Amino acid sequence: MILNEVYELSNGVKIPKLGLGTWFITDEQAAEAVRQALNAGYRHFDTVQVYGNEVSI
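Residues numbered from 1 in each chain as written. Predicted model: local features only at pLDDT ≥ 70, side-chain atom pairs only at ≥ 80, totals over all residues. Heavy atoms only, no water.

S.K.: Would you explain the side chain of N53 in this entry?
M.R.: Note on placement: N53 falls in the segment after β4 (45-46). On the basis of relative accessibility, which here comes to 1%, the residue N53 falls in the buried class. A polar side-chain atom of N53 sits 2.8 Å from the main-chain carbonyl oxygen of I25. Not counting the four nearest positions on each side in its chain, N53 is found in contact with T22, W23, I25, D27 and T47. (Helix = DSSP H or I, 4+ residues; strand = E, 2+ residues; numbered from the N terminus. Buried < 20%, exposed > 50% of the residue type's maximum accessible area, 1.4 Å probe, protein only. Polar contact = N/O pair within 3.5 Å; in protein donor to acceptor, adjacent residues only side chain to side chain. Contact = heavy atoms within 4.5 Å.)

S.K.: Even after reading the chapter, I still don't get the side chain of T22, so can you show me in this structure?
M.R.: Following the sequence through the fold, T22 ends up in the loop between β3 (20-21) and α1 (27-40). Aside from chain neighbours lying at most four places away, what touches T22 is D46, T47, Y51, N53 and I57.

S.K.: What's the story with α1 in this structure? I'm lost.
M.R.: Along an α-helix, a turn takes 3.6 residues, which lines up residues three or four apart on a common side. For α1, built from 14 residues, the straight-helix expectation of 20 Å at 1.5 Å per residue is met to within 8% by its first-to-last C-alpha distance of 20 Å. Every buried residue belonging to α1 is among A30, V34 and A37, and all of these are buried. Its buried side turned inward, α1 meets β3 and β4. Looking at the residues trailing α1, positive phi occurs at G41, about 110°. (Expected span 1.5 Å × (residues − 1).)

S.K.: Honestly, the pattern of salt bridges in this entry has me stumped. Any pointers?
M.R.: Side-chain pairs of opposite charge can arise whenever the charged atoms involved come near each other. Under the definition given, this model contains 2 salt bridges. We note a salt bridge from K17 to E5, for which the minimum N-O separation is 3.6 Å. Here E5 lies in the segment before β1 (6-8) and K17 lies in the loop between β2 (14-16) and β3, a separation of 12 residues in the sequence. The residue E32 makes a salt bridge to R35 at a minimum N-O spacing of 3.1 Å. With E32 and R35 both in helix α1 and 3 residues apart, the pair spans about one turn of that helix. Under the relative-accessibility criterion, E32 is labelled partly exposed at 38%. For R35, a relative accessible area of 46% translates into the label partly exposed. (Salt bridge = Lys/Arg side-chain N within 4 Å of Asp/Glu carboxyl O.)

See the structure below:
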């Protein structure tokens, strides 16, 4: 299952191949989106400062 597949980074850290993109998730939607993603098996959340929602995620 793809949720169990990982990439190994050059420093040896492994991260899940499949991540939840968070570009258009608002602060108001963040908690529920993360909760549902965790329940579905996600362990990788893609966010960057420019999205403006990293605190909520």
